[in-house]
Amino acid sequence: MFSILLSPELGHFALALACCLAGAQFVLPLLGNKKYNFHLMNLASPLAWGQFFTLLITFICLVTAALNNDFSVQNILQNSASDKPILYKVTGIWGNHEGSILLWAFILSFFGVLFSSFSHHLPFSLRIKIIAILGGCAAGFELFCLITSNPFLRIWPAPMEGQGMNPLLQDPGLAFHPPILYTGYVGFSIPFAFAVAALMEKRVDAAWGRWIRPWVITAWVFLTAGIAIGSWWSYYVLGWGGYWFWDPVENAALIPWLTGTALLHSALIVEKREALKAWTIFLSIITFSLALCGTFLVRSGILNSVHAFASDPTRGIFILVLLTIICGGALVLFAWQAPLLLFTALFAPLSREGSIILNNILFCSLAAIILVGTLYPPVLQMIDGETISVGKPFFDKTFIPPALIAIFFMAFAPWLAFKKAKIKNLLRPLSIMGIITIIIVIVSFIYLHRFLPAIATGVSFWVIMGALTDFSGKLSLFHTSFKNNISRMKNLPRSFYAAYIAHIGVAVTLLGIVGMAYSQQKIVEVPIGTTLHLAGYEWTLESVQKRNGPNYQSEEAVLKISRHNKTICWMFPARHFFPRQQQVITDVAIHTNFIADLYAVLGDNRNNHDKASVYVLRLHFNPLAPWIWIGSFIMILGGIITLIDLCANKNNKKFSMQNMEQSS
């Protein structure tokens, strides 16, 4: 009964209704604000909720069509099949172009109602403008769905069976990576709306900085998690042994993360000192613009990538127009109002504010390097037809050195005082840290025999020492009693701990990247029973077994890993053959002790007539590989702690105000 009611036609109608509601959410509150009509202004929140619920119905209808194997819906026909596991029937909804755009619009509507519910403490006019701007952005994406990317498009006659999804996407990582990554992308729509609304209000002050920070941190946490999960997914699904390949779509996610990280620090300065207001507004606009730009590049077919969904120029042109209206309009408004954002809070170059400006310049430069390297090949091809490749060597040589400089300065930036720091207070700790770092670099170079990884190792320990030194200074460790240390520790805001934790997470991730630069690998063709030696381990191919999955056939190798004739573990790399797509996917086997990974991939079966079957094995020893994702988790933890601290302070202020009102 419910399946009949939740038809594709209902979903299509709900999508069209959501677009209308989003358009009304954009137009009516702004019109009411201009006409001083509070009835129209008060429609902002109900319209946001209406848009959210209609998109929820749209999503439920699409999921119902997938679960019912309704192959009369083109989206289901192209991306599903009757023998597809139920989990992937649901998650496959956003594993294609149409579904991913619908997911984007749905998350954007969710942020609209989330902001509407938790923003009653904001000035009414500012709140209404922000909700209206979010509605305008949502209307654009919902119109995009309706005009060029309709997920409910019917075909007739309906085939009896679907084509199935890309086997690479039939993985649990698909259930988490796109929604989390999109939540990070879309989350920056609220800082964007804050920035545009502030320009319309001609007001940016400490309160504005305090209001925007939780939303910036929320988006940054989700984007960091999405990138980390995507990196892990590449590591264990693609079977190439690496964690990052400078793929254009990977780059499209990293670029807004870099500018978002700069925004996160700038918003703090606005709150504390009412400085860097122009920087914060600009970064709010440019970060969301870069998220939209990444969507344009992936959906237009300009970039060739294992992640790319579409190659329809009509879709690309539509998103380009949408990008021009949303981001171009915001940047024009910023250029018009920028003279009003000049800060009055003066500070010296050697200060917390000065360090944040340096941080912004470096992170924006890193984003520009990746953006140019990613866009240059397709732009050159469009201009004169010449095809060039910009890959790992370019990005490694142009990105890594300035990234190390940025991380280097990150170590002692929290030590600096606002307005003006005294250099004499920094000389002693910096000199001790510098000597230790130089020793670490020299020892690392002797051991690693490569200059850049040795420098990166030294910078990692420099950051860790910087965080620990500043933390001990805040506690007056070794200068007062243990009881006073504990008292100071309790009184420190959680945000102080969060900053140390996040910076240490960056250092841990950097150490993991250095370790991966010294991974060892061996690719061999061996019969069953062969023992191989790699990185001090014995890898024995015991057997290869055939198995059947829900919609694939599988070959699974049994590898015994030993060291000094003592069994360490058993590993089971496999190959899955999907008959419907005629495609083979590897299933990597990984054993970790959190210091290094043993990594095995099963390759082709080479039958040599009368001889025994020979199997291709790719074996890797990846030192410190787990630290890449451990460091990412530590960074995310730092962001979550900061968010909890901000929410707790906000609740405490509300409680104090209520007490004052009651007492008065």
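That block above? That's the structure.
The model shown is predicted, which means the values in this text are computed figures rather than measured ones.

(A) The overall build of the protein, seen in detail. When helices and strands are counted, the protein shows 21 helices and ten strands. Expected size for 664 residues packed as a compact globule is a radius of gyration near 26 Å; at 27 Å, the protein falls within 12% of this value. The principal-axis extents of the C-alpha atoms in the protein amount to approximately 95 × 75 × 60 Å. Each of the 664 residues in the protein was classed as buried or not, and the buried ones make up 54%. In the protein, the share of contacts with a sequence separation of at least 24, taken over all contacts with a separation of at least 6, comes to 72%. Split by element, the accessible area of the protein, about 30,100 Å² in all, is 67% carbon and sulfur. Computed over 44 positive and 30 negative side-chain charges, the inter-centroid distance for the protein is 14 Å.

(B) Main features of the side chain of Ser 460. One can find Ser 460 in helix 18 (residues 451–475). When its relative accessible area of 0% is taken as the criterion, Ser 460 is described as buried. A distance of 2.9 Å separates a polar atom in the side chain of Ser 460 from the backbone oxygen of Ala 456. Those residues in contact with Ser 460 that sit more than four places away from it in its chain are Ala 507, Leu 510 and Leu 511.

(C) Region of the structure containing the packing of helix 18 against helix 20 (residues 494–516). Between helix 18 and helix 20, the shortest axis-to-axis distance is 9 Å and the interhelical angle comes to 165°. In terms of orientation, helix 18 lies roughly antiparallel with respect to helix 20. Crossing of helix 18 over helix 20 shows left-handed handedness. On helix 20, the residues touching Pro 453, Ala 456, Thr 457, Val 459, Ser 460, Phe 461, Val 463, Ile 464, Ala 467, Asp 470, Phe 471 and Lys 474 of helix 18 are Phe 496, Tyr 497, Tyr 500, His 503, Ile 504, Ala 507, Leu 510, Leu 511 and Val 514. By residue class, the composition of the contact of helix 18 with helix 20 is 16 nonpolar, three polar and two charged.

(D) Looking closely at the pattern of salt bridges. This model, assessed by the stated rule, comprises twelve salt bridges. When the shortest N-O distance is used, the salt bridge between Arg 154 and Glu 9 registers 2.9 Å. With Arg 154 in the loop between helix 8 (124–147) and helix 9 (172–187) and Glu 9 in helix 2 (residues 8–35), the pair connects residues that are 145 residues apart, well separated along the chain. Overall, Arg 154 belongs to the partly exposed group, its relative accessible area being 36%. In this structure, Asp 604 engages Arg 575 in a salt bridge whose closest nitrogen and oxygen atoms are separated by 3.1 Å. Here the residue Asp 604 occupies a position in strand 9 (residues 596–606), and Arg 575 occupies one in strand 6 (residues 574–578), the gap between them amounting to 29 residues. Of the residues examined, Asp 604 reaches a relative accessible area of 38% and is grouped as partly exposed. By relative accessible area, which is 15% here, Arg 575 ends up buried.

(E) Layout of the packing of aromatic side chains. Evaluated as defined, the whole model comprises 35 aromatic pairs. Ring centres of Tyr 552 and Phe 578 lie 5.3 Å apart, and the angle between their planes is 45°; on these two criteria the pair is classed as tilted. Of this pair, Tyr 552 sits in the loop between strand 3 (537–548) and strand 4 (553–563) while Phe 578 is found in strand 6, placing the two residues 26 residues apart along the sequence. By the burial criterion, Tyr 552 is buried, and Phe 578 matches it. Connected via pairs of aromatic rings, a cluster forms that spans Trp 49, Phe 52, Phe 53, Phe 59, Trp 94, Phe 106, Phe 110 and Phe 111. Above the ring of Phe 418, the side-chain terminus of Arg 352 is found at 4.9 Å from the ring centroid. One cation-aromatic arrangement involves Arg 563 over Tyr 537; the distance from NZ or CZ to the ring centre is 4.6 Å.

Criteria and thresholds
Residues numbered from 1 in each chain as written. Predicted model: local features only at pLDDT ≥ 70, side-chain atom pairs only at ≥ 80, totals over all residues. Heavy atoms only, no water. Helix = DSSP H or I, 4+ residues; strand = E, 2+ residues; numbered from the N terminus. Rg over C-alpha atoms; globule rule 2.2 N^0.38 Å. Buried < 20%, exposed > 50% of the residue type's maximum accessible area, 1.4 Å probe, protein only. Contact = heavy atoms within 4.5 Å. Areas by Shrake-Rupley, 256 points an atom, 1.4 Å probe, with all protein chains shown as cover. Lys, Arg positive; Asp, Glu negative; His and termini not counted. Charge placed at Lys NZ, Arg CZ, Asp CG, Glu CD. Polar contact = N/O pair within 3.5 Å; in protein donor to acceptor, adjacent residues only side chain to side chain. Axes fitted to C-alpha atoms, helices over the stretch in contact; angles between N-to-C directions. Parallel < 35°, antiparallel > 145°, perpendicular 65-115°, else oblique. Left-handed = near helix turned anticlockwise from the far one by under 90°. Nonpolar A, V, L, I, M, F, W, Y, C, P; charged D, E, K, R; others polar. Salt bridge = Lys/Arg side-chain N within 4 Å of Asp/Glu carboxyl O. Phe/Tyr/Trp six-rings, centres within 6.5 Å; stacked < 30°, edge-to-face > 60°. Lys NZ or Arg CZ within 6 Å of the ring centre and 35° of its normal.

Such coordinate-based values are descriptive only and should not be taken to indicate function.
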